[in-house]
Structure formats: C-alpha cells, structure tokens
Amino acid sequence: MNWDDTTDATAPERLVGPVADREDQAVEAALRPKDLGEFIGQEKVREQLDLVLRAARARGATADHVLLSGAPGLGKTTLSMIIAAEMDAPIRITSGPAIQHAGDLAAILSSLQEGEVLFLDEIHRMSRPAEEMLYMAMEDFRVDVIVGKGPGATAIPLELPPFTLVGATTRAGLLPPPLRDRFGFTAHMEFYEPDELRRVIHRSAHLLDVEIDADGAAEISGRSRGTPRIANRLLRRVRDYAQVKADGVITRDIASAALAVYEVDARGLDRLDRGVLEALLKLFGGGPVGLSTLAVAVGEERETVEEVAEPFLVREGLLARTPRGRVATPAAWTHLGLTPPRQATPGNGQQGLFGA
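All of these numbers come straight from a predicted model, not from anything done at the bench.

Quick rundown of the sheet that holds strand S2 (residues 91–95)? Include the residues and the values.
Two pairing modes exist for strands in a sheet, parallel and antiparallel, and in both the strands are linked by backbone hydrogen bonds. One open sheet holds the five strands; their spatial order is S2-S3-S6-S1-S7, and the pairing between them is parallel. Either end of the sheet is taken by a strand with one partner, and the two such strands are S2 and strand S7 (185–188). For this sheet, the mean angle separating the axes of adjacent strands, direction not counted, is 15°.

This is the structure we're talking about:
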C-alpha cells in the first residue's frame, strides 16, 4: 500500500501498469500509511530514514533533503507524506514537468513555511534554469531573483526559511551530480517480495472491507510484478469479480478466475506482454529481431514496446536485449508452452561454431 501518485491521469492505463490513474489516486489517498510503523516493505530504507528523522527532531532542526529513486508505484510519494507527518510539518507537492521556468520555482520556494516539506516528483524532468536555482536554495536557503533584462538586470537575493526537499525520480541516472550531491539522504526503492505484497494486500483488503483468505492474497501477489500499486489495483478488480460472480470472498480460485478475465497470467504478464513474446517466438523463431520490426509485428509503437513491455520482460528473464536485436530466453518458450527450435550443435549432422 505504498504508491506514488504523480502520473498522466488522462492516459488509459494497463491493469498491470505501474502508473496511477485517477481511480488509483482516489483509492491510494484512503489506503496510504500515516507513519513509518505502518509502512510495509523497504526495510533498509525505513530504518535509515527513521534515524534521519529522529535525529532531526532531537536537534529541533529540519530534516536533511531526501532523494528517493525507484520504479513507479513503490512508495515514493507515500514516504514523502510520512516524512512530513513524522516531522509534524505541512507538505507541498509538485513535479518536475510543472516547473518549466526559474520563476515557477521561485514562486513556490518563496511561499514555503519554515520546516515545510516540498515534494518534487520526477525531479529529473525539471528545466535547467530551475535546477540551477534549486542548488542555492537547497544549500544556502536563498535564491537570487532576477529583475529586468539585459545589462540593466539586477539580482535580488531572497532569503528562504529552512525547508526539506524530498525529490523523487524513476531515472536517477539523469540527475546531474551537483543536484544529487546536495541531498543529505539518498535511498533506492526496491521491488517487493511476494510475502511483502501479501501483507500489503491483507491490509488493503481490511481497509476496503473485503474478505480474502491467505491463498487468495498469495495468488494476487504473485501477479503484481513486485509493485504495491499493481497489487492494490488487482485486488479491487478481483473484489468486483467476487461480488458479482461469487459470495464476495476472495479465494485462490476466485482470484485466478478473475485475473483470467482481465488477461493477467500467473507471472503478471498481460495481453501486450504476451503479444510481444508470441511475435518474437512464433514469427521470428525467438530472435534476434530489431525493435522496430517487433513493434510492427504486435501493432504497437516502438516506444510502447521498449518502455512499457520490455522492462518487465527483461526483469523476469523472458527477453534479452542484444546488439543484434531482441532475443527470447528459454524461460519465454516454457512460459508460453512452446518448444524452441532445434539448435545446430556438434554431433547432430551440422557444423559447430567453428566448423568442428
């Protein structure tokens, strides 16, 4: 039940997509944990962050700036709200794409209260001028506001109250070192283990007044791609199925039948994922095949295959990226119940790699 809310809420989402839509945002607001004790998973991050916050409270100071990185849906927004709650401070939420000019950032910073938490999601997408202004704000709690243009322009220093910046990013490698170095605490959010997701599902089911047994929770967790946001979305869809098709109680059989209706298989692959694998295996013999060719074969844009389907397939060991193109692994053939073509090996009447 740890998630992030910043998303393109107008875009249609896959059931197993990690980005939150409007329905997710509304539900997540009710399900989010309120303190570190309630937060499930990310044990190391929780322990380290707890020390940072307790030390800051003991000193009577604002907490160090915090950078959280990791895939969408793992709890970055939730942790930012917990930081504010633990420090008994208000929180301001914005995102990198919303800050296109230094003036946008200056307006936000100048209105902060002392000790306030500023959550800046997708911080790597902030404009360069705003990013450079942020350096001074984080380090010296001061910004220079430029008045006028050309030779007559004047820089007016503006003092800021101490605040805590919580930056979140899904692509930490895109952050410039000067910005990354100004964070006092940096944490990387890992994907969740099935046992952790089962705890997330049981807690969410209790809050949603849904009856679910241990096997039902295990079935959902196994298809949730290690992501709490997806686990909660699947739980809501299985709840709907159980209420309409059964007695409202979620068991393993009910969960399996419900997710079959939504085309989410036992490993969490959906229609797009399986379409990519089937094209790779059935049309191209397992590869290698170029990304553009593979995208045409499944009727999707190149970016959709590369950015939406491939990351999970690679993480699951079903697909590999090579210099010659995309290649299916033996696990992909097994998952789809197909037999890989016979390989040319020494001793079967064909030449080996070096003609031996």
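Just give me the short version of unusual backbone geometry, but keep the residues and values in it.
The phi torsion at Gln42 lies on the positive side, around 50°, for a residue other than glycine. With respect to the secondary-structure elements, Gln42 resides in the loop between helix H1 (22–31) and helix H2 (43–59). Of note in the backbone geometry, Asp88 takes a positive phi value of approximately 55° without being a glycine. Mapped onto the fold, Asp88 is located in the loop between helix H3 (76–86) and S2. The exposure class of Asp88 is exposed, given its relative accessible area of 73%.

Before we move on, can you summarise the nonpolar core with the specific residues and values?
Grouped together as the largest cluster of nonpolar side chains are 48 residues, with contacts concentrated most on Leu49, Leu79, Ile212, Ile220, Leu234 and Ile250. With seven residues, helix H9 (residues 228–245) is the single largest residue contributor to this core. Contacts of Leu79, omitting those with residues within four sequence positions, involve Leu36, Phe39, Val45, Leu49, Leu68 and Met189. In this structure, Leu109, Met126, Met138 and Leu160 belong to the second largest nonpolar core, which totals 24 residues.

Could you give me a rundown of helix H13 (residues 302–315), with the residues and numbers involved?
Relative to the 20 Å expected for 14 residues at 1.5 Å per residue, H13 spans 19 Å between its end C-alpha atoms, a close match to the ideal helical length. Ala309 marks where H13 bends most, by close to 45°; the proline Pro311 follows one to four residues later. Among the residues of H13, Val305, Ala309, Glu310, Phe312 and Leu313 are the ones counted as buried. Among the structural elements, helix H11 (271–283), helix H12 (291–298), strand S10 (319–322) and strand S11 (325–328) are those in contact with the buried residues of H13. Looking one or two residues beyond H13, the residue adopting positive phi is Gly317, at roughly 75°.

For the pattern of salt bridges, give the residues involved together with the corresponding values.
The full count for this structure, using the stated rule, is 20 salt bridges. For the salt bridge of Arg203 with Glu38, the shortest nitrogen-to-oxygen distance reads 2.5 Å. Residue Arg203 is found in helix H7 (residues 194–207), and its partner Glu38 is found in the loop between H1 and H2; the two are separated by 165 residues along the sequence. Between Arg57 and Glu86 there is a salt bridge; the shortest N-O distance is 3.5 Å. Separated by 29 residues along the polypeptide, Arg57 in helix H2 and Glu86 in helix H3 bring together distant segments of the chain. With a relative accessible area of 37%, Arg57 lands in the partly exposed category.

Explain the packing of helix H4 (residues 102–110) against helix H5 (residues 128–140) to me, using residue names and the numbers behind them.
The N-to-C vectors of H4 and H5 enclose an angle of 35°; their axes lie 8 Å apart at closest approach. Contacts from Ala102, Leu105, Ala106 and Leu109 of H4 reach H5 at Pro129, Ala130, Met133, Leu134 and Ala137. Tallied by class, the residues present in the contact of H4 with H5 amount to nine nonpolar, no polar and no charged.

A description of H11 should follow, citing residues and the corresponding values.
Counting along an α-helix, one turn takes 3.6 residues, and residues three or four places apart therefore face a common direction. When the terminal C-alpha atoms of H11 are compared, their 17 Å separation across 13 residues agrees well with the 18 Å that a helix rising 1.5 Å per residue should span. For H11, the full list of buried residues reads Leu272, Asp273, Arg274, Val276, Leu277, Ala279, Leu280 and Leu281. Buried residues along H11 sit against H12, H13, S10, S11 and helix H14 (330–335). Looking one or two residues past H11, Gly285 carries a phi angle of roughly 60°, positive in sign.

Tell me about the side chain of Asp265, and please be specific about residues and values.
Looking at where Asp265 falls in the secondary structure, it is placed in the loop between helix H10 (252–261) and H11. Accessibility expressed as a relative area gives 15% for Asp265, which makes it buried. For Asp265, the side chain forms a polar contact with the side chain of His335, separated by 2.8 Å. Residues in contact with Asp265, not counting those within four places in the same chain, are Arg223, Arg274 and His335.

So, the environment of Leu158: which residues are in play, and what are the values?
Position of Leu158 relative to the elements: it lies in strand S5 (residues 154–159). Put simply, Leu158 and Ala137 are 21 residues apart on the chain and 9.6 Å apart in space, counted from C-alpha to C-alpha. With residues near it in sequence (within four places) discarded, Leu158 still touches Ser110, Phe141, Arg142, Val143 and Val145.

Give me the pairing of S11: which residues, what numbers.
As paired elements, S10 and S11 share four bridges and run antiparallel to each other. Looking at S11, one finds that Leu319 is bridged to Ala328. What sits between S10 and S11 in their antiparallel hairpin is a turn of two residues.

Scoring rules and cut-offs
Residues numbered from 1 in each chain as written. Predicted model: local features only at pLDDT ≥ 70, side-chain atom pairs only at ≥ 80, totals over all residues. Heavy atoms only, no water. Pairing = 2+ DSSP bridges. Helix = DSSP H or I, 4+ residues; strand = E, 2+ residues; numbered from the N terminus. Axes fitted to C-alpha atoms, helices over the stretch in contact; angles between N-to-C directions. Buried < 20%, exposed > 50% of the residue type's maximum accessible area, 1.4 Å probe, protein only. Core = buried A, V, L, I, M, F, W, Y, C linked by side-chain atoms within 4.5 Å. Contact = heavy atoms within 4.5 Å. Expected span 1.5 Å × (residues − 1). Bend = angle between axes of the 7 residues up to and from the residue. Salt bridge = Lys/Arg side-chain N within 4 Å of Asp/Glu carboxyl O. Nonpolar A, V, L, I, M, F, W, Y, C, P; charged D, E, K, R; others polar. Polar contact = N/O pair within 3.5 Å; in protein donor to acceptor, adjacent residues only side chain to side chain.

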